[in-house]
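If you want the building blocks of each chain, they are given just below.
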Amino acid sequence: MSTSHGLKPKDSALAERMPTATWDSHMHVTSPDYPLAQTAAYVPSLHNLQHAMAFEKTIGISRIVLVQPSIYGNDNSCLLDALSVVGPVNGRGVVGIDPDCVQSSTLRQWHQLGVRGVRLNLKSTNIQLTEQAFQDLLQRYANVIRPLDWVLELFIGMKDIPLLERIAADLGMRMVIAHFGAPELPHVDKRIHPLDPYQLVGFQSLINLLQKGNTWIKFSAAYRFDQDPEMRGIEAIAREILQKAGERVVFASDWPHTRFEGLDVRPFVDRCLEWTEEAGMTEKVFCSNAQQLWGM
């Protein structure tokens, strides 16, 4: 027996391992009822808030961070409509903006709804910037969100994190890096296990940023970067991050796994619980780190 959207009955063992007041720090809602940006790379299926919360129940989570999907550009209507239903106690939002055009009054209104961050997605759009252009862009975002103490969420490749490290100290804002930093892992057939994450371009810079205390990272979307069914590449990255900077890690499901729809993410959730349990960091990664990051 299965429920809508390919969900199986609630995995009680998995849900029961979750700490109280757990947060999913990265998921999306989508609907064909909302207009797409001209640059949209795909047409979304219906994955509304009701579907989202049905999924979250299967893994024992009731608090969510809605992140703006790239397909809607800077039109946050779908996200804001859902966030207004969830409410600021159990929900947070990460929106898309044009930092040169957005009005401060608009941001304050969104803050009341529970928005606490802005997303800058350079990975999906494959935008390449010079160091100066990247610095200028981040500074424009920082100038807009710093007064509200919002977070800048960055979806960039790990190879670009050394560039971010050189820039970050002058920005004066909190940041969170999505999806394990989007590492470029060796092909499964060419890997030596255990993987040494420090051989990946940008990993040392990622650790440096996390240890400085103003940057967080999301354990999310492993399937986008590791084709190994055992996730051994991501596991090596995750374990090292937990050891060196576990206070700056938050969990996220990346539901509904856009362009990977139908994926069963629960094996990944199980592995995240396993890694954090072994590191003694489960409550922090699934609860208190998120509360600190999103201003609960």
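Just so we're clear, the structure is a prediction, and the values are computed from it rather than from any experiment.

1. Concerning the nonpolar core
Residues Leu 152 and Ile 241 are the most contacted members of the largest nonpolar core, which totals 82 residues. In this structure, Ile 241 is in contact with Phe 203, Leu 206, Ile 207, Leu 210, Ile 217, Phe 219, Gly 246 and Val 249, ignoring residues within four places of it in sequence. By size, the runner-up hydrophobic cluster in this structure holds 11 residues, among which are Trp 23, Val 65, Val 176 and Trp 294.

2. As for helix H2 (residues 49-58)
Those residues of H2 that sit buried are Leu 49, His 51, Ala 52, Phe 55, Glu 56 and Thr 58. Of the residues that open H2, the one with a side-chain oxygen 3.1 Å from the backbone nitrogen of Gln 50 is Asn 48. Positive phi shows up at Gly 60, right after H2, with a value of about 80°.

3. Considerations on the environment of Ile 64
Mapped onto the secondary structure, Ile 64 falls in strand S2 (residues 63-67). Between the C-alpha atom of Ile 64 and that of Thr 22, which follows or precedes it by 42 residues, the distance is 8.7 Å.

4. Considering the confidence of the model for the chain
Model confidence for the chain is summarised by a mean pLDDT of 92, while 96% of its residues fall at 70 or above. A low-confidence stretch, residues 1-11 stays under pLDDT 50, and its non-local contacts, those more than four residues away or across chains, total 19 contacts.

5. A closer look at unusual backbone geometry
The omega torsion of the bond from His 193 to Pro 194 falls at 0°, within 30 degrees of zero and hence cis. Along the chain, the position of Pro 194 falls in the loop between strand S6 (174-177) and helix H7 (203-212). The omega torsion across Trp 255 and Pro 256 is 5°, close enough to zero to call that bond cis. Inspection of the secondary structure assignment puts Pro 256 in the loop between strand S8 (249-251) and helix H9 (266-279). Unlike most non-glycine residues, His 179 shows phi in positive territory, near 55°. With respect to the helices, strands and loops of the structure, His 179 is situated in the loop between S6 and H7. The residue Ala 182 is not glycine, and still its phi comes out positive at about 50°. In this structure, Ala 182 sits in the loop between S6 and H7.

Definitions and limits used
- Residues numbered from 1 in each chain as written.
- Predicted model: local features only at pLDDT ≥ 70, side-chain atom pairs only at ≥ 80, totals over all residues.
- Heavy atoms only, no water.
- Core = buried A, V, L, I, M, F, W, Y, C linked by side-chain atoms within 4.5 Å.
- Buried < 20%, exposed > 50% of the residue type's maximum accessible area, 1.4 Å probe, protein only.
- Contact = heavy atoms within 4.5 Å.
- Helix = DSSP H or I, 4+ residues; strand = E, 2+ residues; numbered from the N terminus.
- Polar contact = N/O pair within 3.5 Å; in protein donor to acceptor, adjacent residues only side chain to side chain.
- pLDDT = per-residue confidence, 0-100.

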